[in-house]
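Each chain is listed here by its residues.
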Amino acid sequence: MMNKYWILVLILLMPTASIAGESWLIAMQNELLNMNGKIKLEVVKPNNIATWPDTLTLTLSSHNAHEQVELVSVKSQSNDIRCSYIGLIKSTFDGTLRAELTDQDSNRLL
């Protein structure tokens, strides 16, 4: 019984930003990344952003390389909640690859 109260207290003490959805969310359709090729992401914008930006910057990094990829929105594949973005990867990465938006607070893909 006490555990339930502790969980409730922890939830109430969480910052409201994490509940309000003020971070960008990025996702890929599969786990495979086509090196030296096109990357396509689905992006969900925070509630407080009214319009979709034409471009976003994605940071890709691994133990051997680091690259910033400009992503361009695909307006035909967008709505109020999410939008598709495409970009071109020029570097070759080995091992675990991290991907996250550069100038926005977002989740990180591995």
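Just so we're clear, the structure is a prediction, and the values are computed from it rather than from any experiment. (Residues numbered from 1 in each chain as written. Predicted model: local features only at pLDDT ≥ 70, side-chain atom pairs only at ≥ 80, totals over all residues. Heavy atoms only, no water.)

1. As for the confidence of the model for the protein
The share of residues in the protein with pLDDT of 70 or more is 75%, and the mean pLDDT across the chain is 78. Ranking the elements of the protein by mean pLDDT puts helix H2 (residues 16-20) last with 40 and strand S3 (residues 55-61) first with 92. The model gives residues 8-20 a pLDDT under 50, and that stretch makes two contacts with residues more than four places away or in other chains. (pLDDT = per-residue confidence, 0-100. Helix = DSSP H or I, 4+ residues; strand = E, 2+ residues; numbered from the N terminus. Contact = heavy atoms within 4.5 Å.)

2. Some words on the sheet that holds strand S4 (residues 66-78)
Think of a sheet as strands paired side by side through backbone hydrogen bonds, with each pair either parallel or antiparallel. Pairing in this open sheet of six strands is antiparallel, and the strands run S1-S2-S5-S4-S3-S6 from one edge to the other. Two strands in the sheet have a free side with no partner beyond their single neighbour: strand S1 (25-27) and strand S6 (98-101). Each strand of the sheet is rotated relative to its neighbour by a mean of 35°, with strand direction disregarded. Of the pairings in the sheet, the one linking S4 to strand S5 (residues 82-88) comprises four bridges and is antiparallel in character. Considered in S5, the bridge of Val72 is made with Ile86. (Pairing = 2+ DSSP bridges. Axes fitted to C-alpha atoms, helices over the stretch in contact; angles between N-to-C directions.)

3. Brief notes about the nonpolar core
Core analysis: the largest hydrophobic core is formed by 20 residues, its most contacted members being Val43, Leu58, Leu60 and Leu71. Those elements giving two or more residues to this core turn out to be strand S2 (38-44), S3, S4, S5 and S6. Ignoring anything within four residues of it in the chain, the contact list for Leu58 reads Ile26, Ile39, Leu41, Glu67, Gln68, Val69, Leu71, Ala99, Glu100, Leu101 and Thr102. (Core = buried A, V, L, I, M, F, W, Y, C linked by side-chain atoms within 4.5 Å. Buried < 20%, exposed > 50% of the residue type's maximum accessible area, 1.4 Å probe, protein only.)

4. Quick look at the pattern of salt bridges
Going through the model one piece at a time under the given rule, you end up with two salt bridges. Ionic pairing is found between Arg108 and Glu100, a salt bridge with its closest N-O pair at 3.5 Å. With relative accessibility at 43%, the residue Arg108 sits in the partly exposed group. (Salt bridge = Lys/Arg side-chain N within 4 Å of Asp/Glu carboxyl O.)

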